[in-house]
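Each chain, written out:
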Amino acid sequence: MVARISDKAAIVGIGSTEFSKDSGRSELALAAEAVKKALDDAGLKPSDVDGMVTFTIDQNEEVDVARAVGCGDLKLYSRIPYGGGAATGTLLQAAMAVATGVAETVVCYRALNGRSGQRYSSGVSGNLITGSAIHYSWYMPFGLLTPASWVAMFTQRYMHLTGCSRDALFEIAHSTREYAVNNPAAFFHQRPFTREEYDTAKKICEPLRLYDCCQESDGGCAVVVTTPERARDLKQPGVMIRGVAQCAARDQEEMTSFYREEIARIPEMDLAADEAYAQCGLAAKDIDAAVIYDAFTPIVLWQLESWGFCNYGEAADFVKDGNLRPGGRLPTNTHGGQLSEAYIHGVNGIVEAVRLVRGTSVNQPKKPVRHALVTSGVGVPTGGAILGGMV
Amino acid sequence: MTADENRDLEAEVRAYVGREVSAPKRGKDDVNLAMIRHWTEVTGDENPVYHDPEFAAKSSKGGIIAPPTMLQIWSMEGYSMCQEPELDVQRELHKVFDAHGYVGVLGTNTVTEFYRDLRPGDQVTAHTVIDNISERKTTGRGVGYFIETVTKFTDQSGADIGRQVFRVLKFKPNAETAEAKTSTAGAAAEKPALPTRIQAPRGHDNAWWWEAIDQGKLMIQRCKGCGSLRHPPRPMCGKCNSTAWDAIESSLDGEVYSFTELHYPKFPGYPYPLLCAVVQLREGTRLIANLAGCAPEQVFIGMKVKGKVERVDDKTMLPNFYPA
Ligand SMILES: [Zn+2]
């Protein structure tokens, strides 16, 4: 059975704070600013909001954000687990609420001091941020403590099986950096880099070096979701949620699914893609641009395969052919991605996907973008959403 | 010590309150890039506003600044402090306490205020006064007095740039503390313990496995319902739903299924670079473990390995896998 969720909800507002390495203020201040900006963008008042969705790892309680911004009564508050895997899951919650009438106007937000506060690169070395201490007991004594180390383990095997080389990883890092160079909001604004800099950067976990890893950022992002009917009366052209799915696949662990039949694959994303496409009757050929979760360069390859832009093992060639570039088949991470803009756990990606459909990206492709894909974190239970113009 | 003696001491030390510790101390070096670099390297602070002129110029700071926490650094005495420190008023005060048996000293806390960013070329001068001496207090370390100094920092134009309150406890060490100190005063006791690896938290479902490791054995959980093996251990069999299980001891024969060489970040207690692998055991289950006895460039997927459960530091037993 396919979920009847397609075109039941629209994104009508987007908002972001500045992205930095040291915001100098609380995460609540970031969340409140992002939410207020998203409401302003939509032309809505805080009192119009009756639902709020965020990540389980977000430190800002829904009611605290609501009070800070001056929202009224909430009928929906909900949280999605699994780190960056939650990004588009927030849209699924919002769309379900709007489609069923549980709430009419839902704000999805994520705000963090990811560099000046709890650093994400430190993984589970300090206080466990997930509470799943027993789970990580199988990795901590061996030094496998960080997201980079877990992803490196999958990457090494993927490269072994498919023959993918660092050329493809460089192309992902480089294409997103080139986009960021044009984006004033990006950490790497006007800071291009060369292959030599990429190859000589600090080793993190073989085969990953520094520029294969995303930023650690302070910042907040929010989007406003409401009914298509209401969307028609608002300031911005609505961006329809055509398909949205999340999935935790068989034998999944949080970041450490080392025990499956084959670990150089992400079946949870394959399933989310199948589901999202089925909801709206679209296929890979209908997607004109994408925001693909890029906490690390190699995970972009696997998602290109999951979403059917190429077959298993062919993503390296797909990428090296320039397909993620401005004139390519699938302009991808046009904001600079999390590698080069900021790491707001994929919600800055949702914001960019909305811009791509609106036609307002700082790197807007020349061709019309009828549908944009945006995905959530990889290695964890994950998902993705297909956004399109109002129908 | 009698009440009279206490009164004498207190009268003597209270005369120090309000006195300047010394003439204002101008930093030996002006704020400079080299010392900023040393500081950020040691603290691991990679904020480019401290070292990247281009980035700093474009930032809200408009140019390179010194880390605010270096405020006190600029006017420190430097190496001479641990050679023959000058007998300033503060040290004189400490000697008064020493003479009355309050020989212990313990820095307890500081509070610092920063008024503006410091930039290369700024000159820092410190003005320190003895600001307060507490009543006689009983603490865990012994009976003593808290001494508070306040340092005002000024720049080349005489403007205030920051303020720091520094609090120390001058105390008479408890008898047992002093005794413990004497009995362990040998050279070995001076050595701080080496950091160890992060220990696996042990709970209902995994403690037995780690206890076996402590005994030198690598175990694999086995379902009593259907006989299937599983790792990591779980309380129920996903195939037959049985909650009954026992365990078999692994042969420790296996092969490398995937691997990585860990370089950064470096955590205390771990040797880097560190080889870590998904090991496929002959029994069919996999586990994460470190590789040993081989160079990184020798490792390949499919490499045959043989495990050995061994002590890797003072607290930790782990399975290590060696080329077979
Ligand atoms: Zn069973």
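Quick caveat: nothing in here was measured; it's all calculated off a predicted structure.

Conventions we followed
- Residues numbered from 1 in each chain as written.
- Chains lettered and ligands numbered in written order.
- Predicted model: local features only at pLDDT ≥ 70, side-chain atom pairs only at ≥ 80, totals over all residues.
- Heavy atoms only, no water.
- Helix = DSSP H or I, 4+ residues; strand = E, 2+ residues; numbered from the N terminus.
- Rg over C-alpha atoms; globule rule 2.2 N^0.38 Å.
- Buried < 20%, exposed > 50% of the residue type's maximum accessible area, 1.4 Å probe, protein only.
- Contact = heavy atoms within 4.5 Å.
- Areas by Shrake-Rupley, 256 points an atom, 1.4 Å probe, with all protein chains shown as cover.
- Buried area = accessible area lost by both parts, 1.4 Å probe.
- Salt bridge = Lys/Arg side-chain N within 4 Å of Asp/Glu carboxyl O.
- Polar contact = N/O pair within 3.5 Å; in protein donor to acceptor, adjacent residues only side chain to side chain.
- Pairing = 2+ DSSP bridges.
- Axes fitted to C-alpha atoms, helices over the stretch in contact; angles between N-to-C directions.
- Right-handed = clockwise from strand over helix to strand, strands pointing away.
- Donors = N, O, S within 2.8 Å, 3.2 Å for Na, K, Ca; no water.
- Tetrahedral: all angles 85-135°; square planar, octahedral: opposite > 155°, others 65-115°.
- Domains from an automatic or database assignment.
- Parallel < 35°, antiparallel > 145°, perpendicular 65-115°, else oblique.
- Nonpolar A, V, L, I, M, F, W, Y, C, P; charged D, E, K, R; others polar.

### Section: the overall build of chain B
When helices and strands are counted, chain B shows 7 helices and 14 strands. In terms of C-alpha radius of gyration, chain B reaches 30 Å, well past the compact-globule figure of 20 Å for 324 residues. Once the C-alpha set of chain B is aligned to its principal axes, its extents read approximately 85 × 60 × 40 Å. A total of 324 residues make up chain B; the buried ones form 40% of that total. In chain B, 63% of the contacts between residues at least 6 apart in sequence involve partners at least 24 apart. Working note: accessible area of chain B is about 17300 Å², and carbon and sulfur atoms make up 53% of it.

### Observations concerning the interface of chain A and chain B
Every contact between the two is made by 38 residues of chain A and, on the other side, 40 residues of chain B. Roughly 3500 Å² of surface becomes buried between chain A and chain B when both sides are summed, with 66% attributable to carbon and sulfur atoms. Note that Lys202 of chain A and Glu46 of chain B form a salt bridge whose closest N and O atoms lie 3.7 Å from each other. Connecting chain A to chain B are 18 residue pairs in polar contact (both at pLDDT 80 or more).

### Re the sheet that holds strand 8 (residues 229-230) of chain B
Residues and elements named next belong to chain B. Across the sheet, 3 strands lie side by side as 8-7-9; this open sheet has antiparallel pairing. Here the strands that pair on one side only, and so sit at the sheet edges, are strand 8 and strand 9 (245-249). Here 2 bridges tie strand 7 (residues 219-223) to strand 8, and the two strands are oriented antiparallel to one another. Among the inter-strand pairings, Gln221 is bridged to a residue of strand 8, identified as Arg230. Against the sheet, helix 7 (residues 207-214) engages strand 7 and strand 9, with an angle of about 145° to strand 7.

### Observations regarding the pattern of salt bridges
All names here are of chain A. Throughout the structure, instances matching the rule amount to 41 salt bridges over all chains. Here Arg119 makes a salt bridge to Glu216, at a shortest N to O gap of 2.7 Å. A residue pair is termed long-range when its members are at least 10 positions apart, and Arg119 in the loop between strand 4 (105-113) and helix 4 (133-136) and Glu216 in the loop between strand 6 (208-209) and strand 7 (218-226) qualify at 97 residues. Assessed through its relative accessible area of 11%, Glu216 is described here as buried. Put simply, Lys320 and Asp317 hold a salt bridge, and the shortest N to O gap is 3.8 Å. Placement of the pair is Lys320 and Asp317 together in helix 11 (residues 315-320), with a separation of 3 residues, close to one helical turn. The exposure class of Lys320 is partly exposed, given its relative accessible area of 40%. Connected via shared salt-bridge partners are Arg166, Asp167, Arg195, Asp199 and Asp212.

### Quick look at helix 10 (residues 297-306) of chain A
All names here are of chain A. For helix 10, the tally of buried residues reaches 10 of 10 residues, placing the bulk of the element in the interior. Among the residues of helix 10, those classed as buried are Thr297, Pro298, Ile299, Val300, Leu301, Trp302, Gln303, Leu304, Glu305 and Ser306. A positive backbone phi angle near 80° is found at Gly308, which sits one or two residues after helix 10.

### A short note on the pairing of strand 8 (residues 239-247) of chain A
Residues and elements named next belong to chain A. When you tally the buried positions in strand 8, you get 8 out of 9 residues, the bulk of the element. Summarising the sheet, strand 1 (residues 10-16) and strand 8 pair through 2 bridges and their orientation is antiparallel. Paired with Ile11 across the two strands is Val239, which belongs to strand 8. As defined by bridge partners, strand 8 adjoins strand 11 (residues 382-389) across 8 bridges and the pair is classed as antiparallel. Within strand 11, the position partnered with Cys247 by the bridge is Thr382.

### Overview of the side chain of Thr88 of chain A
All names here are of chain A. Looking at where Thr88 falls in the secondary structure, it is placed in helix 3 (residues 87-100). Look at Thr88 and you get buried, because its relative accessible area is 0%. Once residues within four sequence positions are removed from consideration, Thr88 is found in contact with Val244, Ala245, Ile350, Val374, Thr375, Ser376, Gly383, Gly384 and Ala385.

### As for the sheet that holds strand 11 of chain A
Residues and elements named next belong to chain A. Spatially, the 9 strands line up as an open sheet ordered 3-2-4-7-1-8-11-10-9, and their pairing is mixed. The sheet is open, and its two borders are formed by strand 3 (76-80) and strand 9 (289-291), each paired with just one other strand. Here the average twist between neighbouring strands, direction ignored, is 25°. Bridge analysis of strand 10 (residues 371-375) against strand 11 gives 5 bridges, and the strand direction is antiparallel. Along strand 11, the bridge assignment pairs Ala372 with Leu387. Relative to the sheet, helix 2 (residues 62-69) contacts strand 2 (51-55), strand 3 and strand 4, its axis offset from that of strand 2 by approximately 125°.

### Re the pairing of strand 2 of chain A
Residue and element names in this part refer to chain A. When you tally the buried positions in strand 2, you get 5 out of 5 residues, the bulk of the element. Relative to strand 3, strand 2 runs parallel, the two being bridged by 5 bridges. In the sheet register, Phe55 faces strand 3, and the bridge partner there is Ile80. In this region the chain leaves strand 2, passes through helix 2 and returns to the parallel neighbour strand 3; the handedness of that crossover is right-handed. By the bridge criterion, 3 bridges tie strand 2 to strand 4 in an arrangement that is parallel. Directly across from Val53, in strand 4, lies its bridge partner Cys108.

### Quick word on the coordination of the zinc ion
In ideal tetrahedral geometry, four donors around a metal make angles of 109.5 degrees, whereas ideal octahedral geometry with six donors gives angles of 90 or 180 degrees. Residue and element names in this part refer to chain B. Here the zinc ion is held by Cys223 (SG), Cys226 (SG), Cys237 (SG) and Cys240 (SG), and the distances to it run 2.3 to 2.4 Å. Geometry at the zinc ion is tetrahedral, judged from the 4 donor atoms that bind it and their angles of 97 to 114° at the metal. Taken in sequence order, the residues that donate to the zinc ion follow the motif C-x2-C-x10-C-x2-C. Taken together, the residues span a long stretch of sequence, with Cys223 in strand 7 and Cys240 in the loop between strand 8 and strand 9 at a distance of 17 residues. Accessibility expressed as a relative area gives 2% for Cys223, which makes it buried.

### Observations regarding the environment of Ala66 of chain A
Residues and elements named next belong to chain A. Tracing the chain through its elements places Ala66 in helix 2. Ala66 sits 17 residues away from Val49 along the chain, and the two C-alpha atoms are 8.6 Å apart. Once residues within four sequence positions are removed from consideration, Ala66 is found in contact with Met52, Cys71 and Leu74.

### Details of the domain arrangement of chain B
With domains assigned, chain B is organised as domain 1 (3-38 + 63-173) and domain 2 (207-323). Using only C-alpha atoms to locate each centre, domain 1 of chain B and domain 2 of chain B end up separated by 53 Å.

### Re the packing of helix 6 (residues 166-181) of chain A against helix 10 of chain A
Residues and elements named next belong to chain A. Axis separation between helix 6 and helix 10 bottoms out at 8 Å; the angle between their running directions is 100°. Relative to helix 10, the element helix 6 is oriented roughly perpendicular. Along its contact with helix 6, which presents Ala168, Leu169, Ile172 and Ala173, the element helix 10 presents Thr297, Pro298, Val300 and Leu301. The residue inventory of the contact of helix 6 with helix 10, partitioned by class, reads 7 nonpolar, 1 polar and no charged.

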